Amino acid sequence: MKLKQLIFGFALLLAQVTLAQDYYLHCGSILDTKSGKLLPNKTIVVAKNKIAKIQEGFVAKANPNDIEVNLKNKFVLPGLIDLHVHIEGELNSKSYVSKYIDNEADVAFQAVNCAEITLLGGFTTIRDLGGTGVNISLRNAINKGLIKGPRIYTAGKAIATTGGHADPTNGSNRKLVGDPGPHEGVINSPEEAVKAVRERYKEGADVIKITATGGVLSVAKSGKNPQFSIEEIKAITATAKDYNMLTAAHAHGDEGMQRAILGGIKTIEHGTFMSEETMELMKKYDTYLVPTLTAAKEVEKNAEVPDFYPEIVVPKAREVGPQIKATFAKAYKKGVKIAFGTDAGVFPHGINGKEFGYMVEAGMPEIEAIQAATITNAQLLGIDKEAGQLKETFWADIIAVNDNPLKNIKTLEAVSFVMKDGKIYKNQ
């Protein structure tokens, strides 16, 4: 009899030890991103990496080893999604030289730091739009739980044309410039375009990014000129569709934007010199604008810092910086669909939340700016059944801020609680 009791007691103890540990988040208000309404006094029950229940009031934990988290004085939202990030590093006055000095391991260590800072800023998911390829390994390391960071959907290497924005040899001397091709993300025909997409897929990329026009920060004269033919773009988008990959196009100049839209690109990044005709095309083809207002502000500011940029970059930075916000305001009023993206990496990671303030200043209501960074971006990434809302069965990607973001959008610049995949990374 005593033996049976001993065995029973041991089994009970073992069951208690192995019992799953759930979180009970006591939330003062949660934001329903779909309706735009704040819902007071809720308990979010998190089991493993999912939202198991959302209950009325502050519900006590069900088991002794569950954890109650006090967010009663907080405003709680789903984790934010940034659709335009360069996670491998941050631009500075030495960046144009460091690409010839840094090894992949150097880039990787920078990327690890950038990833953690981004996550702690409340961005639990990002789309990385081009780097050296370290971004793919970074994504894998985060997914394995080896390092801290947001969920990453990455383009690997962006696709350019010879001499175009994102040609990795721009600015090199003639001994180093070589003749990069599809493997390096440089194409000059529809056939090479197809190969470049397949190379990105082979390397493990999730999405495809092209540089449809010149760029501000590349060591090249024009920041506006179109750099792909429509045939090349169509070859890229058709191949990307075969592999179920979302497509994005860096574009400042209007002609390059129109070619990208007509060629089937889904998101236009920056959109600086977009005409009304192009806005109408975007509406017709269901193309989204990712405005990157924060990057424009930072680029304009840095253009006045002596020797921050190469001389050829400065006039482009001065021209583009002030224009993007006005273009965004006009596009929004015209009814162009807006997705949230910052171009973090052009400026320091972790301050991505500044984008919300600039969007609101340009005329977008607070709730729509938040929806752009949650519901809209989740839909574009194809994860809208798992992210973008606080909803039962969705991923437990949850953040909290101190003030009502519908009245003070800048509170999203100071996120005080971050949970990703059911794990707490920040709780202040």
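About the thresholds
- Residues numbered from 1 in each chain as written.
- Predicted model: local features only at pLDDT ≥ 70, side-chain atom pairs only at ≥ 80, totals over all residues.
- Heavy atoms only, no water.
- Helix = DSSP H or I, 4+ residues; strand = E, 2+ residues; numbered from the N terminus.
- Expected span 1.5 Å × (residues − 1).
- Bend = angle between axes of the 7 residues up to and from the residue.
- Buried < 20%, exposed > 50% of the residue type's maximum accessible area, 1.4 Å probe, protein only.
- Contact = heavy atoms within 4.5 Å.
- Domains from an automatic or database assignment.
- Buried area = accessible area lost by both parts, 1.4 Å probe.
- Salt bridge = Lys/Arg side-chain N within 4 Å of Asp/Glu carboxyl O.
- Polar contact = N/O pair within 3.5 Å; in protein donor to acceptor, adjacent residues only side chain to side chain.

Trainee: Before we move on, could you go through helix α11 (residues 314-334) and cite the residues and values that matter?
Mentor: Taking 1.5 Å as the rise per residue, α11 with 21 residues should run 30 Å; its terminal C-alpha atoms sit 31 Å apart, in good agreement. At glutamine 323, α11 shows its maximal kink, close to 30°. Turning to α11, its buried residues number three or more, namely Val314, Lys316, Ala317, Val320, Gly321, Ile324, Thr327, Phe328, Ala329, Ala331 and Tyr332. Positive phi shows up at glycine 335, right after α11, with a value of about 95°.

Trainee: So, helix α12 (residues 354-361): which residues are in play, and what are the values?
Mentor: Helical geometry: 3.6 residues make up each α-helical turn, so side chains three or four residues apart lie on a common side. Along α12, the positions that sit buried rather than exposed are Glu355, Phe356, Gly357, Tyr358 and Met359. Residues of α12 that are buried make contact with β5 (80-85), β6 (123-128), α10 (293-302), α11, β14 (337-338) and α13 (366-381). Phi turns positive, to about 115°, at glycine 363, one or two residues after α12.

Trainee: Would you mind going over the side chain of lysine 157 in detail, with residue names and values included?
Mentor: You can see lysine 157 is positioned in the loop between β7 (151-154) and β8 (160-161). Sequence-distant contacts of lysine 157, defined by excluding residues within four places in its chain, comprise Gly131, Thr132, Gly133, His183, Glu184, Arg200 and Glu203.

Trainee: Could you give an account of unusual backbone geometry, naming the residues involved and the relevant values?
Mentor: Of note in this structure, asparagine 41 is not a glycine but carries a positive phi near 50°. Positionally, asparagine 41 belongs in strand β2 (residues 37-47). With relative accessibility at 39%, the residue asparagine 41 sits in the partly exposed group. Within the chain, alanine 166 stands out as a residue other than glycine whose phi angle is a positive 90°. On the secondary structure map, alanine 166 appears in the loop between β8 and α5 (174-177).

Trainee: Run through the environment of asparagine 408, naming residues and quoting values.
Mentor: Structurally, the position occupied by asparagine 408 is in the loop between β15 (398-401) and β16 (417-420). Classification of asparagine 408 as partly exposed rests on a relative accessible area of 30%. Along the backbone, asparagine 408 and methionine 274 are 134 residues apart, and their C-alpha atoms lie at a distance of 30 Å.

Trainee: Hey, could you go over the domain arrangement of the chain for me, with residue numbers and the actual values?
Mentor: If you check the domain split of the chain, you get domain 1 (23-79 + 389-427) and domain 2 (80-381). For domain 1 and domain 2, the distance between their C-alpha centroids amounts to 31 Å. Across the contact, 24 residues belong to domain 1 and 26 residues belong to domain 2. Summing both sides of the interface, domain 1 and domain 2 together bury roughly 2,000 Å²; the carbon and sulfur share of this comes to 67%. Area buried by domain 1 at its contact with domain 2 is led by Ile409, Lys420 and Tyr425, which between them contribute 28% of it. Between domain 1 and domain 2 we count three salt bridges in total. Its salt-bridge partner being glutamate 413, residue lysine 354 comes within 4.0 Å of it at the nearest N-O pair. Across the domain 1-domain 2 interface, the total number found is six residue pairs in polar contact (both at pLDDT 80 or more). Breaking the side of domain 1 that touches domain 2 down by element, the ones donating at least two residues are β4 (67-78), β16 and β17 (423-427). Among the elements that take part in the side of domain 1 that touches domain 2, β16 stands out by supplying three residues, more than any other.

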